[in-house]
Amino acid sequence: MKRFAFVLSVSFLIGCAQVFDGNLFQAIDTPPPLNASSLGKASVSEIKSRMTDDSFYEQLKKDPEALAAVQKTLKASFSTVTATSTAAEKAAAVEAAQTFVMVTAFGSEAGAVANDAINQASNLVSGGKPEDAVKNLLAGKSEAQVTTLLTQFQEMNSAFTAMQTASTVDAKVDSNTFFGTTEEKGDLAQVALVSGAASALVADNGDAATVAATVTSGGTPKAGANTQKMADALEGKDTNPTTNNYAYLATVTDILPF
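Residues numbered from 1 in each chain as written. Predicted model: local features only at pLDDT ≥ 70, side-chain atom pairs only at ≥ 80, totals over all residues. Heavy atoms only, no water.

Its location among the elements puts Leu234 in helix H14 (residues 225-235). Placed 12 residues apart in sequence, Leu234 and Tyr246 show a C-alpha to C-alpha distance of 8.8 Å. Not counting residues up to four positions away in its chain, the partners in contact with Leu234 are Leu124, Val125, Leu193, Leu249, Val252 and Thr253. (Helix = DSSP H or I, 4+ residues; strand = E, 2+ residues; numbered from the N terminus. Contact = heavy atoms within 4.5 Å.)

Below, the discussion takes up the confidence of the model for the protein. When pLDDT is averaged across the protein, the result is 88; 88% of the residues are at 70 or more. Below pLDDT 50 for its whole length, residues 4-22 participates in 9 contacts with residues either more than four positions away or in separate chains. (pLDDT = per-residue confidence, 0-100.)

Looking now at helix H6 (residues 87-106). Each α-helix turn comprises 3.6 residues. Residues three or four places apart therefore point the same way. Between the first and last C-alpha of H6 there are 29 Å, a value that for 20 residues agrees with the 28 Å anticipated at 1.5 Å per step. The element H6 is extensively covered by neighbouring structure, given that 14 of its 20 residues are classed as buried. (Expected span 1.5 Å × (residues − 1). Buried < 20%, exposed > 50% of the residue type's maximum accessible area, 1.4 Å probe, protein only.)

Buried within helix H9 (residues 130-137) are the following residues: Pro130, Glu131, Ala133, Val134 and Leu137. In a view along the axis of H9, the buried residues occupy a sector of 160°, so they form one face of it. On its buried face, H9 sits against helix H7 (110-115), helix H8 (121-124), helix H10 (143-167), helix H12 (185-205) and H14. (Arc of directions from axis to C-beta.)

Ranked by size, the top nonpolar core spans 73 residues in total, and within it Leu150 and Phe160 carry the most contacts. The element that contributes the greatest number of residues to this core is H12, accounting for 11 residues. Setting aside its immediate chain neighbours within four residues, Phe160 contacts Val101, Phe178, Leu188, Val191, Ala192, Ser195 and Tyr248. (Core = buried A, V, L, I, M, F, W, Y, C linked by side-chain atoms within 4.5 Å.)

This part covers the packing of aromatic side chains. With the rule as written, the count across this model stands at 7 aromatic pairs. Each ring, one from Phe78 and one from Phe100, has its centre 5.3 Å from the other, and the planes form 80°; the classification is edge-to-face. Residue Phe78 is located in helix H5 (residues 64-78), and its partner Phe100 is located in helix H6; the two are separated by 22 residues in the primary sequence. A single burial state applies to Phe78 and to Phe100, both of which are buried. Between Phe160 and Phe178 the ring centres are 6.3 Å apart and the planes differ by 20°, which places this aromatic pair in the stacked class. (Phe/Tyr/Trp six-rings, centres within 6.5 Å; stacked < 30°, edge-to-face > 60°.)

This next bit is on the pattern of salt bridges. Note on pairing: side chains with opposite charge can pair once their charged atoms come close. One pass over the structure, following the stated rule, counts 4 salt bridges. As a salt-bridge pair, Lys75 and Glu155 come within 2.9 Å of each other at their nearest N and O atoms. Taken together, the residues Lys75 in helix H5 and Glu155 in helix H10 connect sequence positions 80 residues apart. The exposure class of Lys75 is partly exposed, given its relative accessible area of 28%. (Salt bridge = Lys/Arg side-chain N within 4 Å of Asp/Glu carboxyl O.)

Attention now moves to the packing of H10 against helix H13 (residues 208-216). Contact pair H10 / H13: the axes reach a minimum separation of 8 Å and the direction vectors enclose 135°. In terms of orientation, H10 lies oblique with respect to H13. As for how H10 packs across H13, the hand of that crossing is right-handed. Packed against H10, whose contacting residues are Glu143, Val146, Thr147, Leu150, Thr151 and Gln154, the element H13 presents Ala208, Ala209, Val211, Ala212, Ala213 and Thr216 at the interface. Considering only residue class, the contact of H10 with H13 consists of 7 nonpolar, 4 polar and 1 charged. (Axes fitted to C-alpha atoms, helices over the stretch in contact; angles between N-to-C directions. Parallel < 35°, antiparallel > 145°, perpendicular 65-115°, else oblique. Left-handed = near helix turned anticlockwise from the far one by under 90°. Nonpolar A, V, L, I, M, F, W, Y, C, P; charged D, E, K, R; others polar.)

The relative placement of two packed helices is expressed as an angle between their axes plus a distance between the axes. The interhelical angle for the contact between H6 and H10, taken along N-to-C directions, is 160°, at an axis separation of 9 Å. Classified by the angle their axes make, H6 and H10 are roughly antiparallel. The element H6 and its partner H10 pack so that their crossing is left-handed. Mapping the contact onto sequence places Lys90, Val94, Ala97, Gln98, Phe100, Val101, Thr104 and Ala105 in H6 and Gln152, Glu155, Met156, Ala159, Phe160, Met163, Ala166 and Ser167 in H10. Among the residues making up the contact of H6 with H10, the classes are represented as 10 nonpolar, 4 polar and 2 charged.

Listed below in structure tokens is the structure:
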């Protein structure tokens, strides 16, 4: 996922700092603290503007209150979209939902987990076992950490569901509308895959805390009807948004390299 390339480039520069007569980063000002109140009133465009600086994500990771404020204002911009919304309203909802996903993924630890999805490709795609994939992706974390991560994936799934509603054309999710003009298709597709799998398992097992307790005790969450719907969407067996809340996953198969 592209956002992680920034971390690698900074690490490289730090390792080479000795070639300069001083600290390369001394002249860079520390960004001011985030203001949760202001962020809660920000527009989608204002939040997107903040996202052009990767330090914004690092600040959000350290400030859950600010992240929650951003999520709340973005969610208000996409949660009311319906099948009868106007084309302009649907486009605005898609933009807000995509922004919500990017902020949530990279403003929390969820993005790092989704970044490892490539290692669990055989369990996430057609014929695999999503329950094993989610268990492996969350291995080594505490119960509280897993609960928080699963909750964030559920939140992102709600954004993808809104994008699905806004992108439904003739009983299918239109990929062009779903992804719109974003340059982050790969990131969104990978996060969508993990969000769908995690949310389906949470739905099949009752709640995030139950899945977290199972995973951290070495067990495997049970796969039920929701996990099957998620798998069916990926396999192209059930891509009708009116019958499958995970129909949006049918849009990711042509974008992800597995």
